[in-house]
Amino acid sequence: MDRRRAGRRVPAERLLHAAAAEARAGPGGRVSALDGRVVAIAGATGGLGPAVARALAAHGATLALTDVDAAKLDALAAELALPAERVDVRTVDLLDPDATAAWAAALVERFGTVAGLAHLVGGWRGGEPLPTAPLEDWTLLHDLLVRTVQHTSRAFAGPLLDSGHGRFVLVSSKQAQAPTFTNAAYGAAKAAAEAWTLALADGFAQQEADDPRRATANIVVVDAIATAAMVEGKADSAYRTFADADDIAAAIAYVLGDGASAMNGQRLQLHGGTRR
Ligand SMILES: NC(=O)c1ccc[n+]([C@@H]2O[C@H](COP(=O)([O-])OP(=O)(O)OC[C@H]3O[C@@H](n4cnc5c(N)ncnc54)[C@H](O)[C@@H]3O)[C@@H](O)[C@H]2O)c1
């Protein structure tokens, strides 16, 4: 039997994608996974944001950076040194639903499409046993970790679907599924953010088969984020369950790319599989 004819049929759509990529790269050119994709980073100047921005820029993404501190955003944009057409920098208070919606609309107006939203807004309160931990911690963490996810997901769900390959990525904590006695508010807030993201994934999964619009929502789960400076000179064992910021950034770049197009509503765990 002719082995070529016996092989699985390659869907025409996949061939078209490959041809389009080849055309973009030009003869002998290299196409990166995120070439031409506009990715918004919410909370871009925190502990993880710069590593994510660097990784996505290296993969060819156009970046829409936002945070609350204009000076830090400008410093990050200067460090990235992307051409003006590949970067958008705006301060947005993501606790404000209207401002968040206006950010999404402004990006669609400028670029025509937004293909990804990496949600990196963070904050932590904890360390006190559950019976005595201040309940105000819950108020703050609910705002930072849940409300900002609600606002970005509602503002970007439409544009992500319309892009044809939209990606929503939440970075969460293993405390969401294995909360400790001194992290009740933090664990509960992250659990709520995860549930919200999974509900978004469910909505994306409901697309009709003949609807060309496709999007996914997934969660990258870590214990704590380690930067090179944190780990330097420390015993390895103390950081065994920590994830390197650059490794988390690489995982986010993967989830944003076409290689993860069949992954929706999943928790990608980067903490060695430990519950504690
Ligand atoms: N740092 C960790 O060890 C750790 C562990 C588990 C999960 N996470 C999660 O990973 C993600 C990134 O962590 P991180 O340490 O970089 O977070 P972070 O605490 O540094 O916060 C990220 C950014 O969010 C910005 N931000 C806060 N409020 C905002 C608002 N209203 N509008 C816009 N931006 C706002 C902050 O200015 C900050 O630059 C977060 O979602 C965090 O919850 C972090």
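Keep in mind that what you see is a predicted model, and the values were worked out from it rather than measured. (Residues numbered from 1 in each chain as written. Predicted model: local features only at pLDDT ≥ 70, side-chain atom pairs only at ≥ 80, totals over all residues.)

**Observations concerning the nonpolar core**
Soluble globular proteins tend to pack their nonpolar side chains together in the buried interior.
Thinking step 1. Ranked by internal contacts, the top residues of the largest apolar core, which has 67 residues, are Val39, Ile41, Val52, Leu56, Val220, Ile248 and Ile252.
Thinking step 2. Counting residues per element, this core draws most heavily on helix H9 (residues 245–256), which supplies 8 residues.
Thinking step 3. Not counting residues up to four positions away in its chain, the partners in contact with Ile252 are Val52, Ala118, Val169 and Val220. (Core = buried A, V, L, I, M, F, W, Y, C linked by C-beta atoms within 7 Å. Buried ≥ 20, exposed ≤ 12 C-beta atoms within 10 Å, placed from the backbone. Helix = DSSP H or I, 4+ residues; strand = E, 2+ residues; numbered from the N terminus. Contact = placed C-beta atoms within 7 Å.)

**Points about the site of the ligand**
Thinking step 1. Around the ligand, 25 residues are found, and the nearest of them are Gly43, Gly46, Gly47, Leu48 and Gly122.
Thinking step 2. Every element with two or more residues in the shell around the ligand is listed here: helix H6 (136–162) and strand S5 (166–173).
Thinking step 3. Split by residue class, the shell around the ligand holds 12 nonpolar, 10 polar and 3 charged. (Near = placed C-beta within 6 Å. Nonpolar A, V, L, I, M, F, W, Y, C, P; charged D, E, K, R; others polar.)

**Considering the sheet that holds strand S9 (residues 267–269)**
Thinking step 1. Read across the sheet, 7 strands follow the order S3-S2-S1-S4-S5-S6-S9 without closing on themselves; strand pairing throughout is parallel. Whereas interior strands pair on both sides, the edge strands pair on one side only; in this sheet they are strand S3 (87–91) and S9. Neighbour to neighbour, the strand axes of the sheet diverge by 20 degrees on average, direction disregarded.
Thinking step 2. Pairing between strand S2 (residues 62–67) and S3: 5 bridges, direction parallel. (Pairing = 2+ DSSP bridges. Axes fitted to C-alpha atoms, helices over the stretch in contact; angles between N-to-C directions.)

**Regarding H9**
Thinking step 1. When the terminal C-alpha atoms of H9 are compared, their 16 Å separation across 12 residues agrees well with the 16 Å that a helix rising 1.5 Å per residue should span.
Thinking step 2. Turning to H9, its buried residues are Ala245, Ile248, Ala249, Ala251, Ile252, Ala253, Val255 and Leu256. (Expected span 1.5 Å × (residues − 1).)

**What about the packing of H6 against helix H7 (residues 184–205)?**
Thinking step 1. It is at 8 Å that the axes of H6 and H7 come closest, and there the two elements cross at 10 degrees. Accordingly, the angle class assigned to the pair H6 and H7 is roughly parallel. Where H6 crosses over H7, the two elements pack in a sense that is right-handed. Only Ala185, Tyr186, Ala189, Lys190, Ala192, Ala193, Trp196, Thr197 and Leu200 of H7 make contact with H6, whose side of the interface consists of Asp137, Trp138, Leu141, His142, Leu145, Val146, Val149, Gln150, Ser153 and Ala157.
Thinking step 2. Within the contact of H6 with H7, the residues separate by chemical class into 13 nonpolar, 4 polar and 2 charged. (Parallel < 35°, antiparallel > 145°, perpendicular 65-115°, else oblique. Left-handed = near helix turned anticlockwise from the far one by under 90°.)

All we've got here are geometric facts, nothing functional implied.
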